[in-house]
Amino acid sequence: MKLLVTGGAGFIGSNFVLYWMKNHPEDQVINFDKLTYAGNLENLKEVENNPNYTFVHGDICDSGTVDKAMEGVDIVVHFAAETHVDRSITGPAVFINTNVMGTQVLLDAAAKHKVKRFHHVSTDEVFGSLELEDSSKFNERTSYNPRSPYAASKAGSDHLVRAYHVTYGLPITITNCSNNFGPYMFPEKLIPLAITNVLEDKKIPIYGDGLYVRDWLYVEDHCRAIDLVLSKGKVGETYLVGGMTALAPNIEIAKKILKLLGKDESSIEFVKDRPGHDRKYDVDWSRIKNELGWEPLYSFDEWLEKTVNWYKENRAWWGRIKSGAYKAYYEKQYGG
Ligand code: NAD
Ligand code: TYD
């Protein structure tokens, strides 16, 4: 089997490439990545000399490179995207270009080369925001209601993927998952930002009142979910994938991280809220559990501890990121 993984140098993509090559060593994996600020080939050191692994440096918006890379591919797993909500607020254009236009370029090539499966990795953010007191959850039938440029661009890509299935018979599947965390996550997102800031004796910036709620998913659990959807999922269908957070607000996540690192709550700093900040995400993952037998391997607290330990042990990895171009972004976002 030959897999084309787009965005395989990013956080989830690189975890997926490592997961796949460990669990399916007979398969060939092509990692197609533009290497934006979020792409890091260091994540893939373990497999770079494996003869079944190839890296293609390319942009999913470039139809020539995509068409060439698609030759002989059986399965596409599409992660490549612009992914940070705050960046989508200050610069939405690249989100539309990569997430919508780039997905369309990939779909055209996948249809032309008659791939056996196009799996699209999407987000629960396409469903919009729940109220704190609302006990309902997102499920596969929830209407789309994206509220940030990032979420709108992912919603657009989901619609295109389904349209290519209906119109051209492309065999697709989609997963909409909640907030991931784990190794190799770029330290602009809440959990790795909080851990690395504490390790640097800096404060954790918490937006607004800190009572925003996310549904958290450990990245390896997510990779197992995609594997199951590829092997047992129904073509043309969508599966929601979530974690087991028990609705802990951001402020509680920050406190858990401080406790694991032996620091007190004076390291929390409330900062200006994000415009249009979604209050709550909560995912009903019963379909993938009942139909495909998926569930998270450990509790949120156990995975969080493992993640904190990974960042403690891999200071060189995130230290290089934080001392480079990311520093300018951080100063702009949080005011120095
Ligand atoms: P990331 O930002 O860490 O990595 C994105 C990767 O895509 C990078 O390697 C980057 O170089 C590459 N890329 C960006 N633009 C490209 C282009 N034009 N051509 C080729 N490669 C390009 O992202 P992530 O957090 O690993 O997310 C992966 C996917 O999962 C995304 O589609 C995202 O929407 C989705 N998702 C992420 C989360 C999360 O919590 N991180 C949650 C739900 C869904
Ligand atoms: P983030 O990791 O950016 O993911 P998303 O916006 O895609 O859910 O943010 C997770 C939550 O943490 C969200 O409610 C915003 C909040 N947050 C902060 O409070 N402070 C921060 O510095 C960041 C980056 C996020």
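Just above sits the structure.
I will try to describe carefully the structure that is included in this document. (Residues numbered from 1 in each chain as written. Chains lettered and ligands numbered in written order. Predicted model: local features only at pLDDT ≥ 70, side-chain atom pairs only at ≥ 80, totals over all residues. Heavy atoms only, no water.)

What the protein chain contains, in helices and strands, is 12 helices and 11 strands. Relative to the 2.2 N^0.38 estimate, which gives 20 Å for 336 residues, the radius of gyration of the protein chain is 19 Å and therefore close to what a compact globule would have. Judged by the C-alpha coordinates and their principal axes, the protein chain covers about 55 × 45 × 35 Å. Taken across its 336 residues, the protein chain has 55% of its residues classed as buried. For the protein chain, contacts bridging at least 24 residues in sequence account for 82% of all contacts bridging at least 6. (Helix = DSSP H or I, 4+ residues; strand = E, 2+ residues; numbered from the N terminus. Rg over C-alpha atoms; globule rule 2.2 N^0.38 Å. Buried < 20%, exposed > 50% of the residue type's maximum accessible area, 1.4 Å probe, protein only. Contact = heavy atoms within 4.5 Å.)

Attention shifts here to the site of ligand 2. Taken together, 18 residues lie near ligand 2, and E125, R214, R274, H277 and Y334 sit nearest. Interatomic distance of 2.8 Å between a backbone N/O atom of P205 and a nitrogen atom of ligand 2. Between ligand 2 and R274 there is a distance of 2.5 Å, counted from an oxygen atom to a side-chain nitrogen or oxygen. Coverage of ligand 2 by the protein amounts to 98% of the 510 Å² it exposes when considered alone. Those elements that place two or more of their residues in the shell around ligand 2 are helix 6 (190-199) and strand 8 (204-207). Counting residues per element, the shell around ligand 2 draws most heavily on strand 8, at 3 residues. (Near = heavy atom within 4 Å. Polar contact = N/O pair within 3.5 Å; in protein donor to acceptor, adjacent residues only side chain to side chain. Areas by Shrake-Rupley, 256 points an atom, 1.4 Å probe, with all protein chains shown as cover.)

Compared with an ideal rise of 1.5 Å per residue, which puts 14 residues at 20 Å, helix 10 (residues 300-313) spans 20 Å between its outermost C-alpha atoms and is within 8% of the ideal. Residues of helix 10 that are buried sit in contact with strand 7 (179-181), helix 6, strand 9 (216-218), helix 7 (219-232), helix 8 (250-260) and helix 11 (315-323). (Expected span 1.5 Å × (residues − 1).)

Next up on the list: the packing of aromatic side chains. Here the structure, examined in full by the defined rule, presents 25 aromatic pairs. Ring centres of Y164 and Y168 lie 4.8 Å apart, and the angle between their planes is 55 degrees; on these two criteria the pair is classed as tilted. Of this pair, Y164 and Y168 both sit in helix 5 (residues 149-168), 4 residues apart, roughly one helical turn. For Y168, a relative accessible area of 55% corresponds to the exposed category. Consider the rings of W310 and W317, whose centres lie 5.5 Å apart with planes at 70 degrees: the pair is edge-to-face. Accessibility classification places W310 together with W317 in one group, the buried group. Connected via pairs of aromatic rings, a cluster forms that spans Y37, F186, Y207, Y326, Y329, Y330 and Y334. Over the ring of Y37 we find R87, and its NZ or CZ is 3.6 Å from the ring centre. (Phe/Tyr/Trp six-rings, centres within 6.5 Å; stacked < 30°, edge-to-face > 60°. Lys NZ or Arg CZ within 6 Å of the ring centre and 35° of its normal.)

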